[in-house]
Amino acid sequence: MNLVVNGDAESGPGGTPEPVGAVTGWDVVHGAPALIAYSHGGGYPGPKDPGPERRGSRFFSGGNAPRTALVQDVPLPEGGDTGSAAVDAGRVRYAVRAWLGGYAAQEDGARLSVEFRDGRGTPLALSVLGPVTSRERHGRTGLLERADSAAVPPGARTARLLLVLTRSGGGTSNDGYADGISLTLTATAAATATGGAR
């Protein structure tokens, strides 16, 4: 089960490049994002551009601010196969995935970080995905999948997701794009703290 609320930008107002003041499930801590429809056109990613195979109708963009940031604090399960006891015993792995991208040859981009914290809010481990460069996109407008997986650190009780969309060049549009953000947990017999973003 995906623990992220509205990781696909489908909920709440939006549909155009116009910035929105609030995003369902997320706190907007800097700038103002836009939730743009794949059908909008105008050079934005469309249904035929690289992106999630089972994409919904919209994706995140940075709006018109040089830097836009959204935060979501995710409580980890307390019980069950992936609950606190299993986490503390090192028997739970996480997988974080996101589709990240930008516009044509520009280097505007998106970065997603997941920081696991203990019950007092102390950081225990960090995973970072992106940004995806223009070279990685072969100069095309679109989004590419990035993923990481490792053991949930013992003592973790929450995960803080930070999505940062950055404009690197001129113009007024922040063409950092993101979609399909997910965080899932899996019970294992002996999870190990290996893994790395790619």
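To start, this report covers the structure provided alongside it. (Residues numbered from 1 in each chain as written. Predicted model: local features only at pLDDT ≥ 70, side-chain atom pairs only at ≥ 80, totals over all residues. Heavy atoms only, no water.)

Let's shift gears to the side chain of Arg137. Checked against the element boundaries, Arg137 lands in the loop between strand 7 (123–129) and strand 8 (142–151). With no salt bridge to any partner, buried Arg137 finds its closest opposite charge in Glu107, at an N-O distance of 5.1 Å. From its side chain, Arg137 meets the backbone oxygen of Arg140 in a polar contact 2.5 Å long. Beyond its immediate stretch of four places on either side in the chain, Arg137 contacts Gly101, Gly102, Tyr103, Ala104, Gln106, Asp108, Val132, Gly142 and Leu144. (Helix = DSSP H or I, 4+ residues; strand = E, 2+ residues; numbered from the N terminus. Buried < 20%, exposed > 50% of the residue type's maximum accessible area, 1.4 Å probe, protein only. Lys, Arg positive; Asp, Glu negative; His and termini not counted. Salt bridge = Lys/Arg side-chain N within 4 Å of Asp/Glu carboxyl O. Polar contact = N/O pair within 3.5 Å; in protein donor to acceptor, adjacent residues only side chain to side chain. Contact = heavy atoms within 4.5 Å.)

Excluding glycine, a negative phi dihedral is what most residues carry, and trans is how most peptide bonds are arranged. With omega at 0°, the peptide bond leading from Gly130 into Pro131 counts as cis. Mapped onto the fold, Pro131 is located in the loop between strand 7 and strand 8. At Ala104, a residue that is not glycine, the phi angle is positive and equals roughly 45°.

Hydrogen bonds along the backbone pair up the strands of a sheet, which may run parallel or antiparallel. The five strands lie next to each other as 2-3-10-5-8, forming an open sheet whose pairing is antiparallel. Strands with a single pairing partner mark the edges of an open sheet, and in this sheet they are strand 2 (34–37) and strand 8. Strand after strand, the sheet turns through a mean of 35° between neighbouring axes, direction not considered. Strand direction decides the pairing type here: strand 3 (residues 58–61) and strand 10 (residues 177–187), joined by two bridges, are antiparallel. The residue bridging Ser61 from the neighbouring strand is Tyr177, located in strand 10. (Pairing = 2+ DSSP bridges. Axes fitted to C-alpha atoms, helices over the stretch in contact; angles between N-to-C directions.)

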